[in-house]
Structures are given as C-alpha cells and as structure tokens.
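Geometric and topological summary
What follows is each chain in one-letter form.
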Amino acid sequence: MSNILNIIGGGMAGSEAAWQAANSGIDVVIHEMRPKVETFAHRTGNLGEMVCSNSFRSDDHEQNAVGLLHWEMMQANGLIMHTAHKHRLPAGGALAVDRDPFAESVTKALKDHPRISVSYEEITELPSDGNWIIATGPLTSGSLAEAIKNETGAEALAFFDAIAPIVYADSIDMDTAWMQSRYDKGETEEERTAYLNCPMTKDQYEGFIDALLAADKTEFKEGETAKYFDGCLPIEVMAERGRETLRFGPMKPVGLTNANDPNNKPYAVVQLRRDNALGTLFNIVGFQTKMKYGAQKDAFKTIPGLENAEFARLGGIHRNTFINSPTLLDEQMRLHSRPNIRFAGQITGVEGYVESAAMGLLAGRMAVAEMTGQALDPVPHTTAMGALVTHITGGADAKTFQPMNVNFGLFPPIDGVKGGRKGRKDRYKAYTDRAKADWNAWLAQKSLDAA
Ligand SMILES: Cc1cc2nc3c(=O)[nH]c(=O)nc-3n(C[C@H](O)[C@H](O)[C@H](O)COP(=O)(O)OP(=O)(O)OC[C@H]3O[C@@H](n4cnc5c(N)ncnc54)[C@H](O)[C@@H]3O)c2cc1C
C-alpha cells in the first residue's frame, strides 16, 4: 500500500486532516476542485474558505461545548484553530475572524509545508486503493456524490438535511409530559414508552398555529433549491396548507392517554423521540423548520412541558450532502465496504466549521496511526471530539440520523452533579474539566506530533 495520504477536498476538514498527517511525517496530496470547478457558496480558490458567517462561535472552553472543541483542537496543534486565533476580530465571547486573511493563511501554511502538495482537480470516482479521506463537504460535486451513492445506496446519502429541534431531556417538565408510544406499540416496556408526549388544548393548538404562520422564516440561499420532499415538509409549510394539517399529521392526538390527566383527551399532541443512546437528548418529531431561531424558540416554548426547554440545537433545512455515518462508518471513520477510505467533515453528518475541522483532525490522526502501524485508543467519549465521533459512528439513531452540532447532551452524564437549569454552570464546568484531562491523556498516548 502506498504511504501517501490523499485527501479529497481542501475545506475545513480536509485542510486540518492534511496538517495533522503531514506534521506526523506523512506525505499528503490534497485534491481540491476549486477554483476550476466552483460551488454556489465558495467565492475563492483558497483552502479553508468560510462559506458564510465569519464566526467559529463561542470560544468559552469552560461553559460551552464548541469552545471546548476549540480548546481540544488548540491542544492538538490544530491549523484551523491556531489560524483563527491569529486573525481574530473583536466579537465578545465568540471567535470571529477576518475571513480572507484567515483562508489565505491556511492556504499558505499548507502549500509551504514540505510534506503537502495540492492538486487542483475534481475527483469523480471512489478510489479503489491507497489511503484516502473524503472531505468534500455539504457541496460535494455531483459526480463524486453519484459515485458515493452507488457505493452506499441511495438511502444512505442525503442532499438536504431536515433538522428537527433537539431538546435536553432534563429541561422537559415531566409533570406535564408523559412517556408512551402510540397505541402502546412495542414488544418491550422501553419500546412501549419510547416517545415523550406534550398535550395541547384547542386554544393552545390554535395559538401555536398562529405563531407558526406569523414566524420569521429563513429563505433558501441562492443556488439552493427549495425542493421539499412531502415526507419532510417544514412545519410552518404544513400549517400554511391548513390549520388542521398538523393535527392530522405529526401532532395527531390518537392512540395516546395523558398519564398526568387521563380523563382529559388532548386536542393535539407534540411528540419527542430519543435522539441518542444516552437518552439525554430528544428531537421533536416532524418539526423540521425554516423558521428563524428566535421565532422557533418563541413558538416551541408555548408547547406545554417545553416552557423551560433548553435546545441542544434548533431546526433547519439546508442543502447538505451527508452520509448515514452510523451505518456506513466504523469507529475509525472508515467506510465498512472500503476501509481504505475515511470520511471527514460535514459529509459525515456533523455540522459547522468547527465540528467539520474537528472531524478532519481526528481522521488525519487515525489515518496516520493506521499507516504507521500504531494502535490508537478510541477517542474518549468524555471529550468534545469523542462525544461527536461516538455520536456519528454509533451513538445516533441511524433511522433518523441528521447533522449534529457538538453539545453537552452528547457527553456521558457525571454521577453526583446536579441536573437541570440550576446545576448547569457546575455541570458544564465538570464536563469540560473531565474532557480536558481525558483529551490530554489521549493526545499523550502516541507521539503523533513528531515532525
Ligand atoms: C451555504 C452554506 C452556508 C453555511 N454557513 C455556515 C456558517 O455560517 N457557519 C458554519 O459553521 N457552517 C456553515 N456551513 C456549513 C459549512 O459548509 C461547513 O460547516 C464547513 O465548511 C464544512 O467543512 P468541510 O470541510 O466538511 O466542507 P467544505 O469546507 O465545504 O470543504 C469541502 C471542499 O471540497 C471541495 N470538493 C467538493 N467536491 C469535490 C470533488 N469531487 N473533488 C475535489 N474537491 C471537491 C470543495 O470545493 C470544498 O473546498 C454552511 C454551509 C453551506 C452550504
């Protein structure tokens, strides 16, 4: 097997993967189609270009999961994070950057590296041998996407996401909500109580529909096609089709008895379903939406039981190419059917610049370990890196898999730490302290930063 690492895509993930591998003594070729082949969102031929916002979000590594991811990447000599700090702009607690100098710096660092070369070409087929990382992002070119689809099956590759809001389980009021599957279906008690239900009276339902109709919506960006599949219409579009549409769709009140008030039949029911194996996150079933974030929060907090809900992420629908990682990838981010290929970045079903770069960092290190015959311990689930990679490669429900941001709901709970809003500050500090210690121990296991 060749000892060159080939990386398709020089965006957030591909750039970081290349940097990590080259710094460990591996020769890397980045295959980048821009500027020869353009996407609707990129403007330049630079590596590491930010396609929209110029923010890497919160830099608070004690109280915020994204900030913790920043910290972990800094500890691992991450190119994207170090360059971001170099080109930082004033933005309160957020890490915002001067986007063009940032991408120019990333490009220069990679092109100046003696072990990295850049080949400006579009890759259109899946490579059959050699070591490869596919990091072609949400706007993977059509021919490569077709090749991936032929390998994985059409069901396992999506071209749009349809993200329903995700709520922290411990912020839901269980004096109002109750656990039950429709018609108590299921072989086991766990299946019969798989859904969390929030009841609505007629007035509450009517008020909710009014809020959906009045809400500010996000428009699709130029080049994105607002092609909704009927199975995943945004809830506000369903509401526009008729005030009763939701009550006969995802909010139908049938097959359910309110355990907190058995004699009162709800007029409508909002259902939430477990979103991760830990049971710390629940998604609101069928509530994919293009409403603006503020409007989503206002509308969803009117749902009985969710008045104090805290959202691990809000809903959205975007043009986004991503694979069903829980079924397709092993814990080393390799394709089961072709283990010479790893996937990294947004195409694996993480979302955001930071998460994408983080998965590039891991894929680069995993590739190095394999190419140099080193056994790499699994990334601790307790770290932000580990929480994300564990989620996409196994923790998430494959049937409902949608892109995920890093958040504390992905972390294993700590015994004895207070839950709920009151304990939040101490709990987040405990998570980040534990993560930092575990990440440093993981980094110390091998001298991957050798060169
Ligand atoms: C319109 C839009 C707006 C977004 N806004 C934000 C935002 O504001 N904040 C945020 O955090 N995230 C945003 N995202 C998500 C963002 O794209 C990702 O977070 C991040 O850029 C993904 O990193 P990546 O490395 O996986 O993909 P990219 O950074 O997109 O890199 C992929 C690279 O692969 C190249 N490529 C694709 N196909 C091929 C091929 N066949 N051969 C060779 N090269 C190829 C592309 O040219 C590109 O350079 C947005 C995404 C889109 C589409």
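Calculation rules
Residues numbered from 1 in each chain as written. Predicted model: local features only at pLDDT ≥ 70, side-chain atom pairs only at ≥ 80, totals over all residues. Near = placed C-beta within 6 Å. Helix = DSSP H or I, 4+ residues; strand = E, 2+ residues; numbered from the N terminus. Nonpolar A, V, L, I, M, F, W, Y, C, P; charged D, E, K, R; others polar. Domains from an automatic or database assignment. Contact = placed C-beta atoms within 7 Å. Buried ≥ 20, exposed ≤ 12 C-beta atoms within 10 Å, placed from the backbone. Pairing = 2+ DSSP bridges. Core = buried A, V, L, I, M, F, W, Y, C linked by C-beta atoms within 7 Å. UniProt positions renumbered as here; feature names shortened; annotations may be inferred. Axes fitted to C-alpha atoms, helices over the stretch in contact; angles between N-to-C directions. Left-handed = near helix turned anticlockwise from the far one by under 90°. Expected span 1.5 Å × (residues − 1).

**Re the site of the ligand**
Near the ligand lie 35 residues; those nearest to it are Gly 9, Gly 11, Cys 52, Gly 137 and Gly 345. Sorting the residues of the shell around the ligand by element identifies helix H1 (12–22), strand S2 (27–32) and helix H11 (353–371) as the ones contributing at least two each. A per-class count over the shell around the ligand returns 14 nonpolar, 16 polar and five charged.

**Describing the domain arrangement of the protein**
Once the domains are mapped, the protein shows domain 1 (4–161 + 319–444) and domain 2 (166–313). Counting from both sides, the interface comprises 15 residues of domain 1 and, opposite them, 15 residues of domain 2.

**Side note on the pairing of strand S15 (residues 319–323)**
Across the five residues of S15, four count as buried, placing the element largely inside the fold. Pairing geometry for strand S8 (residues 157–160) and S15, over three bridges, is antiparallel. Bridge pairing links Leu 157 to Ile 323 in S15.

**Section: the nonpolar core**
Ranked by internal contacts, the top residues of the largest apolar core, which has 84 residues, are Ala 17, Ala 18, Leu 69, Ile 133, Ala 358, Leu 362 and Leu 388. Core analysis: the second largest hydrophobic core is formed by 44 residues, Leu 212, Met 238, Ala 299 and Leu 314 among them.

**As for the sheet that holds strand S11 (residues 195–200)**
Hydrogen bonds along the backbone pair up the strands of a sheet, which may run parallel or antiparallel. If you walk across this open sheet you meet the six strands as S10-S11-S12-S13-S9-S14, and the pairing is antiparallel. At either end of the open sheet lies a strand with only one pairing partner, and these are strand S10 (178–179) and strand S14 (311–313). For strand S9 (residues 166–168) and strand S13 (residues 281–284), the ladder comprises three bridges, and the chain directions are antiparallel. Opposite Val 167, over in S13, you have Phe 282 as the bridge partner.

**Focus: the pairing of S11**
Where burial is concerned, most of S11 is hidden: six out of the six residues are buried. Judged by which residues are buried, S11 turns out to be covered on both faces: Tyr 195, Asn 197 and Pro 199 on one side and Leu 196, Cys 198 and Met 200 on the other are all buried. With two bridges joining them, S10 and S11 adopt antiparallel strand pairing. Each bridged residue has a counterpart across the sheet, and for Met 179 the counterpart in S11 is Leu 196. Alignment of S11 against strand S12 (residues 268–274), held across six bridges, turns out to be antiparallel. Counterpart to Asn 197 in the pairing with S12 is Gln 271.

**Brief notes about the UniProt feature "binding site: FAD" (unreviewed entry) in the protein**
Here the UniProt-annotated "binding site: FAD" (unreviewed entry) positions come out as Gly 9, Gly 10, Gly 11, Met 12, Ala 13 and Gly 14. Beyond its immediate chain neighbours, meaning those up to four positions away, Gly 9 contacts Gly 14, Glu 32, Ile 134, Ala 135, Thr 136 and Gly 137. Within the secondary structure layout, Gly 10 lies in the loop between strand S1 (4–8) and H1. Apart from the residues within four sequence positions on either side, Gly 10 is in contact with Ser 15, Ile 30, Glu 32, Leu 47 and Val 118.

**Re unusual backbone geometry**
Cis geometry is found at the peptide bond from Arg 34 to Pro 35, where omega equals 5 degrees. Notably, Asn 77 is not glycine yet its phi reads approximately 60 degrees, a positive angle. Take Asn 77: it is sitting in the loop between helix H2 (65–75) and helix H3 (79–86). The backbone phi angle of Met 333 is positive, close to 65 degrees, even though this residue is not glycine.

**Section: the packing of H1 against H11**
Across the interface, H1 lies against H11 with an axial gap of 7 Å and an inter-helix angle of 35 degrees. The chirality of how H1 crosses H11 is right-handed. Facing Met 12, Ala 13, Gly 14, Ser 15, Glu 16, Ala 17, Ala 18, Gln 20 and Ala 21 of H1, the residues of H11 in contact are Tyr 353, Ser 356, Ala 357, Met 359, Gly 360, Leu 361, Ala 363, Gly 364, Arg 365, Ala 367 and Val 368. Residue classes in the contact of H1 with H11 are distributed as 12 nonpolar, six polar and two charged.

**Considerations on helix H12 (residues 384–395)**
For H12, which comprises 12 residues, the first-to-last C-alpha distance of 14 Å sits more than 12% below the rise-based estimate of 16 Å (1.5 Å per residue). Next to the buried residues of H12 lie H2, helix H10 (325–328), H11 and helix H13 (424–444).

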